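Observations on chain architecture
Next come the chains, spelled out residue by residue.
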Amino acid sequence: MRPRRHLPQGMAGSRMIRALRRSLRRRRWFLYAGTFLGAAVLGYAVAALLLFPAPILASRTSVPRVIGSDLQAAREAIARAGLKPDKAEEVRHPTLAPGTVVWQDPPPGVVVPQGTSVQLSVSTGPQRVGVPDVTGYDQSLGTELLEAAGLRVGAIEPAQTAVPKGVIVNTRPPAGAALVPGGRVTVVVSVGAPTIVVPDLQGLTLEEARAALEQAGLSLGTYFRRTSSARAGTVIEQRPAAGTLTAPGVAVDVILARRGGS
């Protein structure tokens, strides 16, 4: 027969009972805390390993420099580094050509996990300048207006029109066209209405033809020779033809006779 335990008697027994209860409560608290902590760690591990593995498992890589590259080459370089090229943002740039990468985020050299997205900013070229409408302005004033808009006059082309001499009648490209700053514009300027009759130069020598044209207010243009039975060195053809109305200063081209076999 097992001996019966005897509970402590008196005040000493009461202290022992209270101490035993406190010990049991502490053990329960540690058990609960350990269970909660274990569940939290297990939950984080499951989330990290199964749902979001990249931050823990992915290796890290340095972001390549793609500023100054064209968009396609930049995307290929980023993909080779194990990163993702993000949608390109278009921005104006005063010097870089359209399609050139002007900035990237993250910047070059930053170490990031593989699979990180790299956002690219791509140039659309410099700000465009609209060609002002200078038709009807005097040539000098029209030139000033074009230059004030940030453009340059590339060439002056004469045109026979009813518009007074020296007045702009057209531009190429036309008014409203968009050019880069400093772009060249060809200005077409009226030389006045065709009021001068082209003299007949047939049979004249080259110097005689030049003198006749200058006296009429015209000029001698290009000339070359062609085999003919006419006297060598004399005019056998001209453009514009004799009798044509033309404007002052227009050049007349001529063809001179050349002896056959000479």
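Coordinates for the structure precede this section.
This section reports on the structure supplied with the text. (Residues numbered from 1 in each chain as written. Predicted model: local features only at pLDDT ≥ 70, side-chain atom pairs only at ≥ 80, totals over all residues. Heavy atoms only, no water.)

1. Observations regarding the overall build of the protein
- From N to C terminus, the protein includes 5 helices and 16 strands.
- In the protein, buried positions account for 26% of the 262 residues.
- Within the protein, residue pairs in contact and separated by at least 24 positions form 70% of the contacts whose partners lie at least 6 positions apart.
- Of the accessible surface of the protein, which amounts to about 16,900 Å², a share of 58% is contributed by carbon and sulfur atoms. (Helix = DSSP H or I, 4+ residues; strand = E, 2+ residues; numbered from the N terminus. Buried < 20%, exposed > 50% of the residue type's maximum accessible area, 1.4 Å probe, protein only. Contact = heavy atoms within 4.5 Å. Areas by Shrake-Rupley, 256 points an atom, 1.4 Å probe, with all protein chains shown as cover.)

2. Focus: the sheet that holds strand β11 (residues 184-190)
- Taken together, the 3 strands give an open sheet; going across it, the order is β8-β11-β9, and neighbouring strands pair in mixed fashion. Both edges of this open sheet fall to β8 (152-159) and β9 (168-172), since each of them pairs with a single strand only. Neighbour-to-neighbour, the strand axes of this sheet turn through a mean angle of 25°, independent of strand direction.
- The sheet contact formed by β9 and β11 spans 4 bridges and is antiparallel. Within β11, the position partnered with Thr171 by the bridge is Val187. (Pairing = 2+ DSSP bridges. Axes fitted to C-alpha atoms, helices over the stretch in contact; angles between N-to-C directions.)

3. Observations concerning a nonpolar patch on the surface
- Together, Tyr137, Leu141 and Leu145 make up an exposed nonpolar region whose accessible area comes to about 230 Å².
- Turning to its location among the elements, Tyr137 is positioned in the loop between β7 (129-130) and α4 (139-148).
- On the basis of relative accessible area, Tyr137 is assigned to the partly exposed category, the value being 35%. (Patch = residues over 30% accessible without salt bridge, like charges linked within 9 Å, V, L, I, M, F, W, Y side chains within 5 Å. Salt bridge = Lys/Arg side-chain N within 4 Å of Asp/Glu carboxyl O.)

4. Brief notes about the environment of Gly249
- Here Gly249 shows up in the loop between β15 (245-246) and β16 (251-258).
- Distance from Gly249 to Leu220, taken between C-alpha atoms, is 9.4 Å for residues 29 residues apart in sequence.
- With sequence-adjacent residues up to four places away left out, Gly249 is seen in contact with Gly217, Leu218 and Ser219.

5. Some points on helix α5 (residues 206-215)
- Along α5, the positions that sit buried rather than exposed are Leu206, Ala209 and Leu213. Taken around the axis of α5, the buried residues stretch over an arc of 60°, which confines them to a single face. Opposite the buried face of α5, by more than 90 degrees, sit the exposed residues Glu207, Glu214 and Gln215.
- The elements touched by buried residues of α5 are β13 (219-227), β14 (235-239) and β16.
- After α5 finishes, the residue Gly217 shows a positive phi value of roughly 90°. (Arc of directions from axis to C-beta.)

6. Details of unusual backbone geometry
- Residue Pro106 is bonded to the preceding Asp105 through a cis peptide linkage, with omega at 10°.
- By the secondary structure assignment, Pro106 is in the loop between β4 (101-105) and β5 (111-113).
- Of the consecutive residues Arg172 and Pro173, the connecting peptide bond is found in the cis state with omega at 0°.
- Inspection of the secondary structure puts Pro173 in the loop between β9 and β10 (178-179).

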